[in-house]
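What follows is the residue order along each chain.
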Amino acid sequence: MLIRKLFKFENAHIVRNCTSDRCKRSIHGHSYKVELLLKASKLDHGQMVYDFGLLKGLIKDIFDSFDHAICFWQHDDPEYIQACKQFSARWVALPVSPSAEQFSRIFFFLAQQILASTETQNGEGDVEVYSVIVHETDTGYAQSFLEDIDNKQMGILSLDEIVFSEQVQSEWTDPLMYEKLKQGFKFQNPSVDLQVKI
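A short tour of the structure in this document, coming up. Keep in mind that what you see is a predicted model, and the values were worked out from it rather than measured.

The rules behind these values
Residues numbered from 1 in each chain as written. Predicted model: local features only at pLDDT ≥ 70, side-chain atom pairs only at ≥ 80, totals over all residues. Heavy atoms only, no water. Helix = DSSP H or I, 4+ residues; strand = E, 2+ residues; numbered from the N terminus. Rg over C-alpha atoms; globule rule 2.2 N^0.38 Å. Buried < 20%, exposed > 50% of the residue type's maximum accessible area, 1.4 Å probe, protein only. Contact = heavy atoms within 4.5 Å. Areas by Shrake-Rupley, 256 points an atom, 1.4 Å probe, with all protein chains shown as cover. Lys, Arg positive; Asp, Glu negative; His and termini not counted. Charge placed at Lys NZ, Arg CZ, Asp CG, Glu CD. Salt bridge = Lys/Arg side-chain N within 4 Å of Asp/Glu carboxyl O. Expected span 1.5 Å × (residues − 1). Phe/Tyr/Trp six-rings, centres within 6.5 Å; stacked < 30°, edge-to-face > 60°. Lys NZ or Arg CZ within 6 Å of the ring centre and 35° of its normal. 1 Å grid on protein atoms, 1.4 Å probe; cavity = no way out; pocket = protein on both sides within 12 Å on 5 of 7 lines; lining within 4 Å. Points joined across faces, edges and corners; volume = space filled by probe spheres on them. Nonpolar A, V, L, I, M, F, W, Y, C, P; charged D, E, K, R; others polar. Pairing = 2+ DSSP bridges. Axes fitted to C-alpha atoms, helices over the stretch in contact; angles between N-to-C directions.

## Some thoughts on the overall build of the protein chain
For the protein chain, the helix and strand inventory stands at 7 helices and 9 strands. Relative to the 2.2 N^0.38 estimate, which gives 16 Å for 198 residues, the radius of gyration of the protein chain is 18 Å and therefore close to what a compact globule would have. Over its C-alpha atoms, taken along the principal directions, the protein chain stretches across nearly 60 × 35 × 30 Å. The 198 residues of the protein chain split such that 45% are buried. In the protein chain, 70% of the contacts between residues at least 6 apart in sequence involve partners at least 24 apart. About 11000 Å² of surface is accessible on the protein chain, with carbon and sulfur atoms providing 50% of the total. Here the protein chain contributes 20 positively and 28 negatively charged side chains, and the mean placements of these two sets differ by 2 Å.

This is the structure in structure tokens:
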């Protein structure tokens, strides 16, 4: 069984080394749509794969970090990186290029890490990320799957290598959330009083 949750954000970037001259030489923005697809082989006590309301918590906070932010590849020119940090309070530093393809991997990876660190309370089964689709424009998107996340040819992803600005962190429900995630903290979903006994 699959479920899909749609997230939206506005973001600016430069995609270095790409073929398109406009994309690799000029800061530009997109109105992104991110489709997070979760799968499970059993349903929880509410007969759901995963309650959509739970996706308004940590995962929404992390995905929203990219809204009205500038993203840059950590291997870019140090002067450009410094300018991004100096002139934008909201920025995200990435270990890979901020292309649609890499965004799909990053969102998959982040959601995967959060789910793995979450203790469920409502009989959820083997909930995991099935796929992430990132729409960069109305006509183009990139989609990643589990095998893409650990693919070294596509770049190594780690929590330590994804850095959020202080302004981004201050806007999270829990400003220490990402640090807790990196340290292996277990997040607890709310407990549920069952109204219908099964």
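## Topic: the pattern of salt bridges
Within the structure shown, the criterion is met by 7 salt bridges. In this structure, Glu35 engages Arg4 in a salt bridge whose closest nitrogen and oxygen atoms are separated by 2.5 Å. Of this pair, Glu35 sits in strand β2 (residues 28–39) while Arg4 sits in strand β1 (residues 2–13), and the two are 31 residues apart along the sequence. Between Lys180 and Asp174 there is a salt bridge, with its nearest N and O atoms 2.7 Å apart.

## Thoughts on helix α4 (residues 100–116)
Here α4 spans 24 Å end to end across 17 residues, near enough to the 24 Å set by a 1.5 Å rise per residue. Along α4, 13 of the 17 residues are buried, which leaves the element largely enclosed by surrounding structure.

## A word on the packing of aromatic side chains
All chains considered together, the criterion is met by 17 aromatic pairs. Aromatic side chains Phe9 and Phe66 sit 6.1 Å apart centroid to centroid with 55° between the ring planes, which places their arrangement in the tilted category. One end of the pair, Phe9, is in strand β1; the other, Phe66, is in the loop between α2 (58–64) and β3 (69–73), with 57 residues separating them in the sequence. Judged by centre distance (5.9 Å) and plane angle (85°), the rings of Tyr130 and Phe145 are edge-to-face. Residue Tyr130 is located in strand β6 (residues 128–135), and its partner Phe145 is located in strand β7 (residues 141–145); the two are separated by 15 residues in the primary sequence. Members of the aromatic cluster, each reached through a chain of ring pairs, are Phe7, Phe9, Tyr32, Phe63, Phe66, Phe103, Phe107, Phe164, Trp172 and Tyr178. The positively charged end of Arg16 is found above the aromatic ring belonging to Tyr80, 5.0 Å away from the centroid. Over the face of the ring belonging to Phe185 we find Lys180, whose NZ or CZ atom lies 5.1 Å from the ring centre.

## Concerning the layout of surface pockets
Counted as a void, the largest pocket has a volume near 190 Å³. Leu54, Leu58, Thr118, Gln188 and Asn189 are the residues nearest the centre of the largest pocket, which is lined by 13 residues in total. Of all the secondary structure elements, the ones that give two or more residues to the lining of the largest pocket are α2, α4 and β9 (187–188). Within the lining of the largest pocket, the residues separate by chemical class into 9 nonpolar, 4 polar and no charged.

## Details of the sheet that holds β7
Taken together, the 7 strands give an open sheet; going across it, the order is β7-β6-β2-β1-β3-β4-β8, and neighbouring strands pair in mixed fashion. The open sheet has two free edges, formed respectively by β7 and β8 (163–164), since each of these has just one partner strand. Here 4 bridges tie β3 to strand β4 (residues 91–94), and the two strands are oriented parallel to one another. Along β4, the bridge assignment pairs Trp73 with Leu94. Against the sheet, helix α3 (residues 78–87) contacts β3 and β4, and its axis sits at roughly 160° relative to β3. Here α4 sits on the sheet in contact with β1, β2, β3, β4, β6, β7 and β8, set at roughly 150° to β6.

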